[in-house]
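# Working through the structure, step by step
Here is what each chain is made of, one letter per residue.
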Amino acid sequence: MTAQPQHQWPVPPPDGYTVDDLLTLPDLPPHTELIDGSLVFVSPQRDFHSVVMYMLEAGLRSTVPRDLRVRREMTVELDRRNAPEPDVLVVRAEAVTGRRQVRYRAADVVLAVEVVSPDSESRDRDTKPRKYAAAGIPHFWLVEMGGPADHPVVHVYELDVLTRRYTPTAIHRDRLKLSVPYGMDIDLTTIDEL
């Protein structure tokens, strides 16, 4: 008697998956991303990840200008073979087309935020920032857990349009006070209250 596999994994096409495949393949796990034509399945997240996403989303929403919108865990189409899902993103208001929308184009994204998780450290620190920069997303934040209290540490980057690479502009530990991409002041210590 032969054991039957519990899962039937999709077999990738010879040239890899495309964004259209990602959006039409049935029964993919939630938050599946497309990186270089490969499907990436997300592992369960730490409490830190969830709470930081909520805190940043709420902080960004509290001061977002009328021409921008804050979203969480939405697919961003960078090119035909890359469609990651930033943890938090800020998009242009005109890019929001309706409640059934499932993706944004890179040109619509003003800020992409990744909260580092154990299973995605390399993607969050290296792969995604390089791809976001190459796609022209002007602002990127990388959030890590740091210090004895496991508080968020936010690394802020801006795009150098000539090199299509991110330049670090600041590291924030207790307070995230910025004027770009718009004025905001987020108390990072409120993580203890959530």
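Shown above is the structure to which this text applies.
Let us look at the structure shown here. Numbers given to residues run from 1 along each chain, matching the order in which its sequence is written. Restriction of local features to residues with pLDDT of at least 70 applies here, the model being predicted, together with a cutoff of 80 or more for giving and counting side-chain atom pairs; totals for whole chains, interfaces and linings are based on all residues. Hydrogens and waters are ignored; side-chain quantities use all the structure's heavy atoms.

### Details of the overall build of the chain
Secondary structure assignment for the chain yields three helices and twelve strands. Taken over C-alpha atoms, the radius of gyration comes to 17 Å for the chain, in line with the 16 Å a tight globule of 194 residues would show. Taken along its principal axes, the extent of the C-alpha atoms in the chain is 60 × 35 × 35 Å. Contacts were defined at the residue level, with two residues in contact if any of their heavy atoms lie within 4.5 Å. Excluding contacts between residues fewer than 6 apart, the proportion of contacts in the chain whose partners are at least 24 apart in sequence is 53%. Within the structure as shown, the chain displays about 10900 Å² of accessible surface, and the carbon and sulfur contribution to it stands at 49%. In DSSP terms, a helix is any run of H or I states spanning at least four residues, a strand is any run of E spanning at least two, and both are numbered starting from the N terminus. When we talk radius of gyration, it's over C-alpha atoms, and the globule rule is simply 2.2 Å times the number of residues to the 0.38. Only the protein chains shown count as cover for residues, and the accessible areas themselves come from Shrake-Rupley with a 1.4 Å probe.

### Quick notes on unusual backbone geometry
Between Val 180 and Pro 181 the backbone carries a cis peptide bond, its omega angle lying at 5°. Position of Pro 181 relative to the elements: it lies in the loop between β11 (175-178) and β12 (184-187). For His 31, which is not glycine, the phi torsion reads 65° and is therefore positive. Within the secondary structure, His 31 is located in the loop between α1 (19-24) and β1 (33-35). Positive phi values are uncommon outside glycine, yet Arg 164 reaches one of about 55°.

### What to know about the pattern of salt bridges
When a carboxyl oxygen of Asp or Glu lies within 4 Å of a side-chain nitrogen of Lys or Arg, that pair is called a salt bridge. The tally for this structure, following the rule as stated, stands at 15 salt bridges. For Lys 128, the salt bridge goes to Glu 114, with nearest N and O atoms at 3.4 Å. You can see Lys 128 sitting in helix α3 (residues 121-134) and its partner Glu 114 sitting in strand β7 (residues 109-115), a full 14 residues away along the chain. Here Lys 128 matches Glu 114 in class, with each residue buried. The salt bridge involving Arg 175 is made with Asp 185; its shortest N-O contact spans 2.5 Å. In this pair, Arg 175 sits in strand β11 while Asp 185 sits in strand β12, placing the two residues ten residues apart along the sequence. Note on exposure labels: buried denotes an accessible area under 20% of the residue type's maximum, exposed denotes more than 50%, and partly exposed covers the range between, all computed with a 1.4 Å probe on protein chains only.

### Digging into the pairing of β12
Residues of β12 alternate between two faces, with Met 184 and Ile 186 buried on one and Asp 185 and Asp 187 left unburied on the opposite face. In this analysis, strands are considered paired if DSSP registers two or more bridges between them. Summarising the sheet, β11 and β12 pair through four bridges and their orientation is antiparallel. Looking at β12, one finds that Leu 178 is bridged to Met 184.

### Re the environment of Arg 72
Turning to its location among the elements, Arg 72 is positioned in strand β3 (residues 68-72). What makes Arg 72 partly exposed here is its relative accessible area of 28%. Measuring from C-alpha to C-alpha, the distance between Arg 72 and Leu 60 comes to 11 Å, with twelve residues separating the pair along the chain. Not counting residues within four places of it along the chain, the set of residues in contact with Arg 72 comprises Met 53, Tyr 54, Glu 57, Asp 87, Val 88 and Leu 89.

### Thoughts on the nonpolar core
We call a set of buried residues a nonpolar core when its members are Ala, Val, Leu, Ile, Met, Phe, Trp, Tyr or Cys and they connect through side-chain atoms within 4.5 Å of each other. Of all hydrophobic cores here, the largest spans 26 residues; its most connected members are Leu 56, Leu 60, Val 90, Trp 141 and Leu 176. At the level of elements, α2 (47-63), β3, β5 (88-92), β7, β8 (139-146), β9 (151-160), β11 and β12 are the ones that each hand at least two residues to this core. Among the elements that take part in this core, α2 stands out by supplying seven residues, more than any other. Look past the residues within four positions of Val 90 in its chain and what remains in contact with it is Leu 60, Leu 68, Arg 69, Val 70, Asp 108, Val 109, Val 110, Leu 111 and Tyr 182. Core analysis: the second largest hydrophobic core is formed by 18 residues, Val 76, Leu 78, Leu 142 and Leu 159 among them.

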